[in-house]
Every structure is written in C-alpha cells, then in structure tokens.
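# An overview of the molecular structure
Here is what each chain is made of, one letter per residue.
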Amino acid sequence: MTEYKPGDIEPKWQARWREAKLHKTVYDPAKPKYYALDMFPYPSGSGLHVGHCEGYTATDIITRWKRMQGYNVLHPMGWDAFGLPAENYAIKTGIHPRITTEKSIANFRRQIDSVGFCYDWDREVNTTDPLYYKWTQWIFIRLFKKGLAYEGVMPINWCPSCKTGLANEEVKAGLCDRCGTQVERKALRQWLLRITHYADRLLEDLKDLDWPQSTMLMQKNWIGRSQGAEVVFKVSGGPSDGAELPVFTTRPDTLYGATHMVLSPEHALVDALTTPEQKPAVQAYQAAARRKSDLERTELAKEKTGVFTGGYAVNPVNGNRTPVWIADYVLSTYGTGAIMAVPAHDERDFEFATVYGIPIVEVVRPVGADTSLPAAAYVGEGVNVNSGDLNGLPTAAAKEKVTAHLEARGLGRSAVSYRLRDWLFSRQRYWGEPIPLVHCPRCGTLAVPEDQLPVRLPEVDKFEPSGTGESPLAAIESWVVTACPHCGGPARRETNTMPQWAGSCWYYLRYLDAHNDKEPWAKAEERRWMNIDLYVGGAEHGVLHLLYARFWHKVLFDLGLVSTREPFKKLRHQGTVLARTFADASQKYHEFSEVEFRGEHAHLKSTGEKLKSEVEKMAKSKLNGINPDDVIRQYGADTLRLYEMFMGDFESPKPWDPRAIEGCHRFLRRVFRLVDEFDQAKAPQNDPHLSLRHRTIKQVHADLDRMQFNTAIARLMEFLNELSSRGAAAEDLRVLVLLLAPFAPHFCDEAWEMLGNKGFVLNQTWPAYDEALTVDTTVTVVVQVNGKLRGEFSAAAGATQDQLKEAALSVEKVLPHLAGKTVRKVIVIPGKLVNIVAG
Ligand SMILES: [Zn+2]
Ligand SMILES: [Zn+2]
C-alpha cells in the first residue's frame, strides 16, 4: 500500500510540467480561444496570502477545464510593482525600491509556482521594467496628443505625512488611505486626464458586460450622470455687476422657489461680490474651508454652515434679487461651483434656510398626497404653484417649458452633469513612471520623441519627496535639464510621475505580445485574443482600476489600436476570506484572560499569554497571518487549492476554517487509497455507477460553468462515497481523476499514472456525458426462474442485457432455485425482468 505524500508528488509534477513546457500558450487557429486573466498583484513584502490564492485558484481551474475541452487558453501573470509601499520602505531604509521589488517578486513567484498554477511565464510583465513602462509612456503620449492630458493648478488632497497629492479615492473619511494622516488642501501644478470626455460611453457600454450587478452600479454611481439645465443668474450691483453665475440643476421647474444662491468659498466671484461689511466673516470662513477635505465638507459634515457675502444675483425667471452666500458644502471642483438654493424642495437647502432664516417658498405641490412642507422639504414631483406661467403644469412639462424659455432668452439651456471628474494623473513621488514631457520656455510643453523612450527613472540616493510638494526627481538637475525636442534649446523635464494605476490600465494587452520591442502589441495578436473571456479580482477594484482601464481601452479603440470597445467581457470578484482563526483565538483569549487576572493557574496564564500574542499578531495582519506556505507544508498545494474552493460560494465572503482543510485533505487521501488499491480483476463488472457517473460529469460541468466550485467539489465527494461503499469500476476512477484534475492537478497526474496511463491529465479530453444515462438512477429488476418470481435486484437504468443477465444469476435468493440445474436460456426485458429457463 502506497501512502499519499504531497510533499513528494507536487515538486515532482511541477518539474515535469516545466520540462514539458506544459503551460506555454501557442496560438492555434484551429481551436477556439479563451483568455483568462487575474488582476495581477502588487508584490508586497509580506508575500502571497490566501485571498490572492482564492482568485488565482478559480482562474486556474477554469483554465485547465477549458484546455481539457479543447480551447486554446491564454493564462498569464505579472506584477503591478510601482507604488508607495516599496517607496516608503526606501525612505525608511535607503534601500532602492527596485531591489525590494525584485526580492518580493521572487518570493511571490516561488509561492505561485508552489501552488501549481498553470501560468505561461514566457509572457510575464512587470510595470516597473523600463521595457514595459516605455509603452505606458508611449500610450500617455497618445493621450497627450489627443488633447486628453492637460495641466492645471488644482486644489488637491495633500497628505502632509506622505508629502504627496492623493486622488479622492485615496482619501478615506478625510484621512490618507496610505498612512491615516488628516488630509489637507493644497494648490499644486498637476496633470489630469479627461476621463470626463468618456463619461457617457463608460456608462452606456456597461450594458454589454457580464459583470456583477453591484460593480456596474458602483461605476454608474461614480460616473453619476444627471439630466437637467444650466441656468444663468446675473450679479446685481457691486464691482461685478452683470457678471454671469451659471448653475446646474436637475429641477429647473423649481426655479421660482430659488430664494438664495450658494457659492463655494473658492469661487472666482466671491471677492467681487463680498461687501466691505461682510469681508472679515467671508475671509475667516474661506480660511477654515481650506483646512477641510472634500469629504469633511460634504458627506461628513453634520451641520451646513455658511456666510452671506452681502452681494445679490438676479433670478432669471422672476427678476428677484436673491442673496448670494458661500458655504463649504459646495465644492469648486463640482459643476460650476455654484448652486441655486430652493429650500422648499431640497433637503440640504431647507436645512440651510432654516438655520439662517432665509425664505422658504413652495412651488411644487404633490398630486393626491400631503406635502411635507412646512416641516420638511418636499422633494418629489407634482404640479407647479407660485410659479407664474408654470402654474398648473406637472413637473416634466414645467421643466421643459422653463428650459425652453431660458434658452430663448440666452439665460439657460438643457444640460447634463456628471459626478465623475477628470483623473488626477500625477504624483510627486519617485517610484512611478516618469511623465514623458518636456517644458521649453519657447515652444511650450512637448512630448518626448518616441525614439527617446523610455524616459528612465534616474538613480537617486534619497527618496523623500521634497517638502514643497515636488517629486525627488526635481532635485536631480542633471536629469531635469534637457534639450527641447523642437528647437534644441534648454528645456526641463516634467518631474511628476504617473499614479500607480497607469501600468494596470493596459497590462492585459502586453501579455498578448510581451516581447515585442517595436510596438506595445501587434494588432494581429490583439485580434486573436481579445476580448478577455474571464477577469477575476477583488471587488475593491470595482471603481478605480476597472474604470481607468476601460477609459484607456476606449481611447485605444478610438486610435484604432484595439478592436474591442471594452476590455473585460466577463468579470467576477472572489469573496473576501475572513479570518475565523482570528475570531476564535480572540474568543479563547477573552476566556483565558479572566483566569490570568486572578493569577491562579500558571499554565493557563502562559496559554493566555501565548493566545494574546497570537491575537495581537493576527489583528495586525489579519489574513496576511495565514501564509499559504504553511498550509502547503502541512497538507500540500492540492489540499490548499481544494479548500480555497470548498470553503464557500466563490463570490461570497467566507471564514477561513483550518479544521475544514483537514476534511479536504482526507478526501484526497481516500481517493488516493481507492486508486492505489484498484484491482481490475476484483472490480464490479456490471458498471453499478453508470448513471451516477454520467450525472456527476453533467453536474460538475454545469457547476464549473457557473463558477460554483464548492458544489462541484461536493459532487465529487458524493461520487467518492458511492465508489468507496460499492466498489469502483475502471471507468469510474478514470472519470473521477479527470473531473478532479482542475482542482488538484498534481494529485491527479499522479493518480493518472498509477492507473496505468501516460501523459498529463491536462492533455486529456474532458469527460462527456450521455443525457439519457443521467436521467434515472436505478431500476428494480425482478428475476424469475422458469416463470416463477424468485427474487429482485437494483440496476442502473441504462445497464446492458449482459450486465442484467450476469447480475440476475448472482442474486442470492435465486441461487437455490438454480442448484443442480443447467441454465438453458435467459430472457432479458431491460429495466424490468430477467427470466431464467433452467432444467
Ligand atoms: Zn499619507
Ligand atoms: Zn523649444
């Protein structure tokens, strides 16, 4: 009897796979293609964790399953390696981020290979490789030349600790997402990408995607399209008399109820509007607003505050002079930085008007319902009142009429507004792609000529950003000073670097042609492999990475560089793996801690202390505390893979349960024993599991199609139980090994060989099933001897005449009636009866 030793089996098969180049993708026009993509990891110093393994195992299973079905599969992997952790580590230790990144990548690669993932490493990409970022820069220049990249002085989120600008997405509850420091506002020269030009298409094309509904909704909300009107108020009196103050509103029908206006404290007209008496209050308010983040000013603010400027503007529908206020909940970067306030029909305006004693005028009355006024704003639709020529009109008609009216007078127009803002595309950091531009005092800002790409990161000794907000690159005069590509005169390089998201905007295209040094990818390769048939990664990338990559892809589509409108046809997110060990250990610690306090039992105290340190360790790193290396060392990679998929529904959150790993391991050991002990001579000859086998193939196939890996494994476990209790036929074991192979590939190659086969399971054909054989399980067949009922037995519904005859002749109750007689003839009515004629 052989023992199942994953520690021997797994390295052996990994070496054989490598030697045979089993995972290399070679394009074959005769086969249908399948492109399975994982969100490539940031190679952190802490290594691969079980959350990574979950997603990678899923795509690996699908890849292997598709290959066995005859698909030409592309399954690549690479490294998203620019970013702050390596840079912050460099600032602390002086070790170059390239060195720590290389070390982390080597560790990730070792771990990934130890799990047995079938990546085609010939296509590996690394975003920090100059031969890769050369093309990231090349694409940026395409955007720049298309007018999609522009420079602006922007009030940005500024982390005083990281000394860098942050995108809104990197600010969580007013704090820096990287380090937790309170974020401030700072005006800096920035590069922005006009993602807003693509807002409609990014929204519209969502409908063609097979994505989780929640992710599509997140993108939809992030883009935040609303239909309404632009309405022009004009300043009345003061030095800016007659100046236009355009506002956007989704409810132009409420214009008669606009009793005041609110500008952002940074609005360009605030100074001109402010009267001398109001100046001190306005200036104090402006200074306070500068210290707040956007989030603090909007979502987090419990009370709406504001200050009257002393100035007025004219409401274009009724000529009323409306007071102009400033309030920090209006952001200069949203819309026009000004709003018309309709307290009767907007909750925020109602609150503001109530606090400051501003008139509240009802202009929309609900039909057949009670209005919430005067206790609260009525925000629904209805019929206009107190609205001049709009009186009596339902909301939709009133919107249309007032918009047309304003348009005719040049005081407004129908308009669309978006929540989406242009993408802040520069960082004041070292460890990123240099933005390939040159500033010439005579010629302006120019792209670096293509034959000079890549613009390499210069070597530096110090990685700290300068306190002024510029990147460390700005301090390297020899790098910054260059010749203007147009006039040849002295010019200066752009010193901002790209954000971490840049490299991941197009990596899936580089995999298609990773060694091409003439172009980022050959068009022929792009047409062969795109679109991506399955993209798997964390839901935390639901907005940013996925939106940015879609944006770049659409630009590339417009430039004729890609043939599909969208990159990721089908997307799935793995559910978060929660640390049950953490929860359990923490619970146990609390049980022990009481004993410890009383100081009674020394041994319990030490256990409590041990638990306490474990809890603290886990709390710090949560799931990072579960290292796949440890699981592999104890149980093997095949058990890890099986458990990762068995712990729960793939897309739902689930706890990590070390006890259940043992169960998966036991399953593999049982299959191993069954294969090891298989003896053709002793195997049942009547194919007792025919129907169950076909049903199992059908179900596992359907489960994989829906990515319901846990139920697929459960079906294989049920199949094993049947085989263990009633004996397995050779075909049963063959099918079991083939079906299990995508989940436990090393194990199954070993079992395949033990069953006397040659070659890798990955090159075998995925088992087929016969629908007719899956329908019923077993039928009861009665046995007659010379026309008299003598016994019965169960058989598979599709059992053959020979199988039924053989089974009938061995039924225990029948045997005495045949004793001493010769069987002359056996009549079989399939599925019903066997009559034995004996004499
Ligand atoms: Zn920070
Ligand atoms: Zn020049």
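Structural data are supplied above this passage.
To start, this report covers the structure provided alongside it. (Residues numbered from 1 in each chain as written. Chains lettered and ligands numbered in written order. Predicted model: local features only at pLDDT ≥ 70, side-chain atom pairs only at ≥ 80, totals over all residues. Heavy atoms only, no water.)

## Some words on the overall build of the chain
For clarity, the threshold we go by: Secondary structure follows DSSP: runs of H or I at least 4 residues long count as helices, runs of E at least 2 residues long count as strands, and numbering of each begins at the N terminus. Three labels apply to residues, based on accessible area from a 1.4 Å probe with only protein chains included: buried if under 20% of the type maximum, exposed if over 50%, partly exposed otherwise in between. We call two residues in contact when some of their heavy atoms are within 4.5 Å. His is not counted here, nor are the chain ends, while Lys and Arg score as positive and Asp and Glu score as negative. Working definition for charges: the position is that of NZ of Lys, CZ of Arg, CG of Asp or CD of Glu.
Looking only at helices and strands, the chain features 28 helices and 31 strands. With 839 residues in all, the chain has 53% of them scored as buried. Taking the intrachain contacts of the chain between residues at least 6 apart in sequence as the baseline, contacts between residues at least 24 apart amount to 72%. Of the charged side chains in the chain, 102 are positive and 103 negative, and the gap between their average positions amounts to 2 Å.

## Some details on the sheet that holds strand β29 (residues 788-796)
What counts here: Two strands are said to pair when DSSP picks up at least two bridges between them. Think of each axis as a best-fit line through the C-alpha atoms, taken over the contacting stretch in the case of a helix, with angles from 0 to 180 degrees between the N-to-C directions.
Spatial ordering of the open sheet is given by β29-β28-β31-β30, a layout of four strands whose pairing is mixed. Across the chains shown, the open sheet's two edge strands, defined by having one partner strand only, are β29 and β30 (823-829). Across the sheet, the axes of successive neighbouring strands diverge by a mean angle of 20°, strand direction being ignored. With four bridges joining them, strand β28 (residues 778-785) and strand β31 (residues 833-838) adopt parallel strand pairing. Looking at β31, one finds that Val-782 is bridged to Leu-833.

## Some details on the sheet that holds strand β19 (residues 423-424)
Pairing within the open sheet is antiparallel, and its four strands lie in the order β6-β5-β9-β19. One side of each edge strand has no neighbouring strand; the edge strands of this open sheet are β6 (164-166) and β19. In this structure, strand β5 (residues 149-159) lies alongside β6, joined through three bridges in antiparallel fashion. The residue bridging Cys-159 from the neighbouring strand is Thr-164, located in β6.

## A closer look at the coordination of the zinc ion (ligand 2)
To keep things clear, this is the line we draw: A donor here means any N, O or S atom no more than 2.8 Å from the metal (3.2 Å for Na, K and Ca); water is not included, so a site may seem to lack partners. Each label reflects the angles at the metal, where four donors whose angles all fall between 85 and 135 degrees are tetrahedral, four or six donors whose opposite pairs open beyond 155 degrees and whose other angles stay between 65 and 115 are square planar or octahedral respectively, and the rest are irregular.
The protein atoms that coordinate the zinc ion (ligand 2) are Cys-440 (SG), Cys-443 (SG), Cys-484 (SG) and Cys-487 (SG), at distances spanning 2.2 to 2.4 Å. Each of the four donor atoms around the zinc ion (ligand 2) contributes to a set of angles spanning 106 to 114°, which defines the coordination as tetrahedral.

## Some details on a nonpolar patch on the surface
Quick reminder of the rule: To count toward a patch, a residue needs a relative accessible area over 30% and no salt bridge; like charges are then connected within 9 Å, while nonpolar side chains (Val, Leu, Ile, Met, Phe, Trp, Tyr) are connected within 5 Å. All accessible areas in this document rest on Shrake-Rupley with a 1.4 Å probe, and a residue is counted as covered only by the protein chains that are shown. The salt bridge definition used is simple: a Lys or Arg side-chain nitrogen within 4 Å of an Asp or Glu carboxyl oxygen.
A grouping of Tyr-89, Ile-95 and Ile-99 is seen on the molecular surface, where their side chains present a nonpolar patch of about 260 Å² in accessible area. Inspection of the secondary structure puts Ile-99 in helix α4 (residues 97-114). For Ile-99, a relative accessible area of 45% corresponds to the partly exposed category.

## Describing helix α21 (residues 658-676)
For an α-helix, the turn length of 3.6 residues means that residues three or four places apart are oriented alike. The cut-off we apply is this: One less than the number of residues in a helix, times 1.5 Å, gives the span that helix is expected to have. Throughout this description, a polar contact denotes any pair of N or O atoms lying within 3.5 Å of each other; where both atoms belong to protein, one of them has to be capable of donating a hydrogen while the other can accept it, and for residues adjacent in sequence the pair is counted only when both atoms sit in side chains.
With 19 residues, α21 extends 27 Å between its outermost C-alpha atoms, agreeing within 8% with the 27 Å of an ideal straight helix rising 1.5 Å per residue. Residues Ile-661, Cys-664, His-665, Phe-667, Leu-668, Val-671, Phe-672, Leu-674 and Val-675 constitute the buried set of α21. By the N-cap criterion, in which a side-chain oxygen at the helix start approaches the backbone nitrogen of a residue two or three places on, α21 is capped by Asp-657, the distance to Arg-659 being 3.0 Å.

## A word on the packing of aromatic side chains
The following threshold applies: Ring geometry is summarised as follows: Phe, Tyr and Trp rings, the Trp one being its six-membered ring, pair when their centres sit within 6.5 Å, and such pairs are stacked at plane angles under 30 degrees, edge-to-face over 60 and tilted between the two.
Under the counting rule described, the total for this entry stands at 41 aromatic pairs. Measuring from centroid to centroid gives 6.5 Å for Phe-140 and Trp-191, while their planes differ by 85°, and the two rings are edge-to-face. Note that Phe-140 is positioned in helix α5 (residues 130-145) and Trp-191 in strand β9 (residues 184-193), a separation of 51 residues in sequence. Here Phe-140 falls in the buried class, since its relative accessible area comes to 0%. Both rings, one in Tyr-507 and one in Tyr-511, keep their centres 5.6 Å apart while their planes meet at 70°; by these two values the pair is edge-to-face. Just as Tyr-507 is buried, Tyr-511 falls in that class too. Put simply, the rings of Phe-140, Phe-144, Trp-191, Tyr-198, Trp-423, Phe-425, Trp-501, Tyr-548, Phe-551 and Trp-552 pair up and form one aromatic cluster.

## Describing the pairing of β28
Sheet analysis places β28 next to β29, joined by eight bridges and oriented antiparallel. Note on β29: the bridge partner recorded for Thr-778 is Ala-796.

## Considering the pairing of β9
As paired strands, β5 and β9 are joined by ten bridges and run antiparallel to one another. Paired with Asn-157 across the two strands is Arg-185, which belongs to β9. Inspection of the sheet shows β9 paired to β19 by two bridges, in the antiparallel sense. Its bridge partner being in β19, Leu-193 is matched across the sheet by Trp-423.

## Points about the pattern of salt bridges
Proximity of charged atoms lets side chains of opposite charge pair with each other. Applying the stated criterion across every chain yields a total of 43 salt bridges. Here Asp-679 makes a salt bridge to Lys-682, at a shortest N to O gap of 4.0 Å. Overlapping salt bridges, with partners in common, bring together Asp-205, Arg-550, Lys-554 and Glu-566 in one network.

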